[in-house]
Structures are given as C-alpha cells and as structure tokens.
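Read off the chains here:
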Amino acid sequence: MAERIKRMVQAVRTAFSGAGGMALKGVRRNGTLLVSAALAAGAIYGLVMHPPLAKLAPGNVGIRTNQLTGTSVTVRDGAVFMMPGVHVLRQVSLLDQVYRPARADKAPFQSVEGLALGVDMSVRYALDPARVVAMTQSLPPDINGAIVEPAVQGVIYKVFTRYTVREIYSSRRAEIQKEIETELKPKLAADGVTLRGITIGKITLPEEYQAGMEKLLAEELETEKMRYTLELKEKQVKQSALEADAEKVRREKAAEAAGNEQIIAARAQEQAMAHVLPFKQKQIEQRRLEAEAEKEARIKTSEGTAQARVIEASGEADARRKLAEAEAYRHEVVGKVEVAQMEREGELLTRNPLLIQKTMADKLSDKVSVIIAPPPADGGFVGSALLGKQPRVAAEVR
C-alpha cells in the first residue's frame, strides 16, 4: 500500500511540473501547505482509481486481514469493504476441484515387477469451510501444488508398487482405488482438504507386456469359451437325462394307467360274464333245441322227399311205358301207312315212269338249274343216262 501512495505522489509531482513550474517555486516556501495538498490529491486519486470495495466470485470465501492488528474476518459472497493500506483480501474457492497428476499417461509409475506404466487418474477434493481461516494463515497460497500434489504423488507411487501390472490393469483396480482413498484421505484432512473421490481411468501398459497380455487374454477368452461350451454340453446332457427320466416316468405312468384300465376292464368283464354266462347257457340250450327241431324237420322233409321221389319214379315209369307203347303204336301205324303209300307209289310209278325224273328234279332243284337228257331210244328210264350207265349222255350244269 505504501508503494501505491508513492506512485500517487509521483503522479502529482509530474502533473504540477512543466507549465506550473514557476508557481511551484512559490509554493515551496510553505512546505506544510504543499504536503497537505499532495496528500489530499493522492487520497482523491486513490479513491477514484482504486475504490475501497472488493467483489467475491461465486463459490468463493474471502479472508480479510487487518495488517495493523493482524486479525482476520471471513467474508461470504458479495461486496467487501477494503481500507486501502490496511486490509488485505484473500479469496479461497470452496467448490470441488480436480487434480490430475502431470504426465500420468507417460508411464511414470512402477509396478511390483518394476515395469513402468501410465495411469490416467483424477483426484476430486474441496477445502473445509470451517478451517479456511486457519489454512490461509498457515498454508501457502497454492494449495493444489503445495498440499494436494505432494500428498497424492506420495500415496499413489507407494500403492502401485504393491501390485502387479495385471492386478492394476484388471483384477484389483477397484481395490487399488479404495486403498489410495483410504491412505490419502487422512493426509489431506490434516491440512483442511476434504477428499471427495478418486477415479482411475485409462492405464497405459508397456508395448511388450500389452502384446503378451492381449495374447494371454485371447487364450483366457478361448478357455472361458471352452468352459462355457463344456457347461453348455453338461447342461444339455443333464437336460437329456431329465428328458429321459421324464419320458421314463411318463411311460411308467402310461403303463400303469394302461394296466389299471385293463384291470378295470377285466373286472368289468368279470362282472359282465356273471350275467353273460347264464345267458350263454340259455342260448346253448336254445340252439340245442333248435338243432333237434331242425333235425326232426329235416328227417320229416327227407321222408316226404323220398316218398315223393318214389311216387315220381312210379309215375315216370308209367309215363315212359305209356310213351313207349304210344311210340310203338305210332311206328306200327306209320309203317303201315308207309307200306301202303309205297304200294300206291309203286303202282303209280309203274303206270307213270316219268314221275321218277320229276321227283329227282324236285330233290335236285336247289343245286341243279337245268338238266337236259335225251330220251332213251328204247323208251326206258331217263335217269339211267344221269346215273352214268350210258356214256353218251351229256349234261351241262350251271
């Protein structure tokens, strides 16, 4: 503040130098008046250029310290009255802040094997509002660089050296994160810093180790796949066994049900037979009686048929005898008629020989159209020439 007053006095001197030099020579004679004017001008200039008010940023808390008495007052949001040259204001943020270790991705950490690896880490913290006044008096202004960074570096380097690269990369990441928080939290709390949480992000591995890990992970994935395949096969075998057991039980139940049905059917049949057997016996007796009746009927029918056949045979014999007698009588009568007719025809032919030719012509009329025969010279039978007894006979058949 003294430096600021000196600058204001120097500015007043510069303003009054130059054109007002002659007037200043007269004023120097009265030193008291000059000093008073300079102080008044400096005070006015300081109030105009540097008003005695300070603005606190949102989320910050102000610590106003009186340089004369050494007392401090905590000031919240809003305007803060500042006496020039007397009060000093220090603003401290109460918001959550994040610290990330520098060059964390360039493999600055080491594992228990001595391999270098990079870890992308962020530490979120905030100041304790109840201890802000004490912190401003005892701690340096750069809390992040002077308090948080050394504490974080000292803990994480020590924790990472307890684990292997594989544990840091995959299996025990959450455990490592929790262990860092457990060790770091009381260290920061001792200085009035509240640890909100730690987040471990990307982990950069050595190229050779990463290639080997990728190969190992591929083998583990293949092993895991085989394990799942075997488990699936085992489940399929169990499922087949359960299905076979279920099928066996189903068949047993079906066989038991079929047996029960047969037993019920046998019992029903037995009960039915108790009623059917008397009925069957009655049917047998009825059929026996019907057979005997049919036998008697057939005997009677056979006897009637035999008698009828005897009667028919006697009648047929009588009929045949009568027919034979009638036939003999007919032949006798016909013979007599034919004899008589032949006698008449003989007499007729004797008297008329040409009837023989006419008769032959009638019999041959369906085969012979014209017959020309000369009459015999001796006046005999004209048919002699046709029968071939006289070779001179000529015939033409058409």
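Residues numbered from 1 in each chain as written. Predicted model: local features only at pLDDT ≥ 70, side-chain atom pairs only at ≥ 80, totals over all residues. Heavy atoms only, no water.

- Within an unreviewed UniProt entry, the label attached to the chain reads Prohibitin family protein, and the organism entered is Duganella lactea.
- For the record of the chain, the UniProt heading Subcellular location (unreviewed entry) holds the text "Membrane". (UniProt positions renumbered as here; feature names shortened; annotations may be inferred.)

Some words on the overall build of the chain
Working step 1: Counting its secondary structure elements, the chain contains 10 helices and nine strands.
Working step 2: Out of the 398 residues in the chain, the part that is buried amounts to 18%.
Working step 3: Put simply, 64% of the contacts in the chain that link residues at least 6 apart link residues at least 24 apart.
Working step 4: Summing over all exposed atoms, the chain offers an accessible surface of approximately 29000 Å²; the carbon and sulfur share of this is 58%. (Helix = DSSP H or I, 4+ residues; strand = E, 2+ residues; numbered from the N terminus. Buried < 20%, exposed > 50% of the residue type's maximum accessible area, 1.4 Å probe, protein only. Contact = heavy atoms within 4.5 Å. Areas by Shrake-Rupley, 256 points an atom, 1.4 Å probe, with all protein chains shown as cover.)

Remarks on the side chain of Glu 179
Working step 1: Its place among the elements puts Glu 179 in helix α7 (residues 173–190).
Working step 2: The buried category is assigned to Glu 179, whose relative accessible area is 18%.
Working step 3: Within the structure, the side chain of Glu 179 is placed 2.3 Å from the side chain of Tyr 163, a separation counted as a polar contact.
Working step 4: Apart from the residues lying within four places of it in its own chain, the contact partners of Glu 179 are Val 159, Arg 162 and Tyr 163. (Polar contact = N/O pair within 3.5 Å; in protein donor to acceptor, adjacent residues only side chain to side chain.)

Considering the nonpolar core
Working step 1: With 32 residues, the main nonpolar core has Met 121, Phe 160, Ile 180, Leu 184 and Val 193 as its most contacted residues.
Working step 2: Within the residue set of this core, elements represented by two or more residues are β8 (116–127), α5 (143–160), α6 (165–171), α7 and β9 (193–204).
Working step 3: A per-element tally of this core places α5 first, with nine residues.
Working step 4: Residues within four places of Leu 184 in sequence aside, it is in contact with Val 123, Ala 151, Val 152, Val 155, Leu 195 and Ile 198. (Core = buried A, V, L, I, M, F, W, Y, C linked by side-chain atoms within 4.5 Å.)

Here we look at α7
Working step 1: With 18 residues, α7 ought to run about 26 Å at 1.5 Å a step, and its terminal C-alpha atoms sit 26 Å apart, in line with that.
Working step 2: Looking at the buried positions of α7, the neighbouring elements they touch are β8, α5, α6 and β9.
Working step 3: In the stretch just after α7, Gly 192 is the one whose phi turns positive, near 85°. (Expected span 1.5 Å × (residues − 1).)

Overview of a nonpolar patch on the surface
Working step 1: Residues Tyr 329, Val 333 and Val 337 make up a contiguous nonpolar surface patch of about 280 Å² in total accessible area.
Working step 2: When its relative accessible area of 33% is taken as the criterion, Val 333 is described as partly exposed. (Patch = residues over 30% accessible without salt bridge, like charges linked within 9 Å, V, L, I, M, F, W, Y side chains within 5 Å. Salt bridge = Lys/Arg side-chain N within 4 Å of Asp/Glu carboxyl O.)

Some words on the packing of α5 against α7
Each pair of packed helices can be summarised by the angle the axes make with each other and by the distance between the axes.
Working step 1: For the pair α5 and α7, the least separation of the axes is 10 Å and the interaxial angle reads 145°. For the pair α5 and α7, the crossing hand works out as right-handed. Of the residues in α7, those in contact with Ile 147, Val 148, Ala 151, Val 152, Val 155, Ile 156, Lys 158, Val 159 and Phe 160 of α5 are Ile 176, Glu 179, Ile 180, Glu 183, Leu 184, Lys 187 and Leu 188.
Working step 2: Of the residues contributing to the contact of α5 with α7, the split by class is 12 nonpolar, no polar and four charged. (Axes fitted to C-alpha atoms, helices over the stretch in contact; angles between N-to-C directions. Left-handed = near helix turned anticlockwise from the far one by under 90°. Nonpolar A, V, L, I, M, F, W, Y, C, P; charged D, E, K, R; others polar.)

Quick word on the pattern of salt bridges
Working step 1: Tallying each qualifying case throughout the model produces 17 salt bridges.
Working step 2: Across the salt bridge formed by Glu 224 and Arg 227, the nearest N and O atoms sit 2.1 Å from each other. Taken as a pair, Glu 224 and Arg 227 lie in helix α8 (residues 207–351) at a separation of three residues, close to a single helical turn.
Working step 3: Of the residues examined, Glu 224 reaches a relative accessible area of 29% and is grouped as partly exposed.

Side note on α5
Working step 1: The terminal C-alpha atoms of α5 lie 25 Å apart, and with 18 residues this matches the ideal 26 Å at 1.5 Å per residue to within 8%.
Working step 2: The sharpest bend along α5 reaches about 30° and sits at Glu 149, with the proline Pro 150 one to four residues further on.
Working step 3: Among the residues of α5, those classed as buried are Ile 143, Ile 147, Val 148, Ala 151, Val 152, Gln 153, Val 155, Ile 156, Val 159 and Phe 160. (Bend = angle between axes of the 7 residues up to and from the residue.)

Quick word on the environment of Arg 166
Working step 1: Along the chain, Arg 166 turns up in helix α6.
Working step 2: Sequence spacing of Arg 166 and Met 213 is 47 residues, and the spatial spacing of their C-alpha atoms is 8.2 Å.
Working step 3: With near-sequence residues (within four places) excluded, Arg 166 lies in contact with Ser 171, Tyr 209, Met 213, Leu 216 and Glu 220.

Concerning the packing of aromatic side chains
Working step 1: One pass over the structure, following the stated rule, counts zero aromatic pairs.
Working step 2: In this arrangement the basic side chain of Arg 227 is found over the ring face of Tyr 228, its NZ or CZ atom lying 4.7 Å from the centre. (Phe/Tyr/Trp six-rings, centres within 6.5 Å; stacked < 30°, edge-to-face > 60°. Lys NZ or Arg CZ within 6 Å of the ring centre and 35° of its normal.)

Focus: the confidence of the model for the chain
Working step 1: Of the residues in the chain, 69% have a pLDDT of 70 or more, and the chain-wide mean is 75.
Working step 2: Long-range and interchain partners of residues 18–24, a stretch whose pLDDT sits below 50, account for three contacts in this model, where long-range means more than four residues apart. (pLDDT = per-residue confidence, 0-100.)

Quick look at the pairing of β8
Working step 1: Burial within β8 is extensive, with nine of its 12 residues counted as buried.
Working step 2: Direction of pairing for strand β6 (residues 97–99) relative to β8: antiparallel, over a ladder of three bridges. The partner of Tyr 99 across the bridge, within β8, is Val 123.
Working step 3: Bridge count between strand β7 (residues 109–110) and β8: two bridges; the pairing is antiparallel. Note that in β8 the partner of Phe 109 across the bridge is Leu 117.
Working step 4: In this antiparallel pair of consecutive strands, β7 and β8, the connection spans five residues, and Gly 114 shows a positive phi of 90°. (Pairing = 2+ DSSP bridges.)

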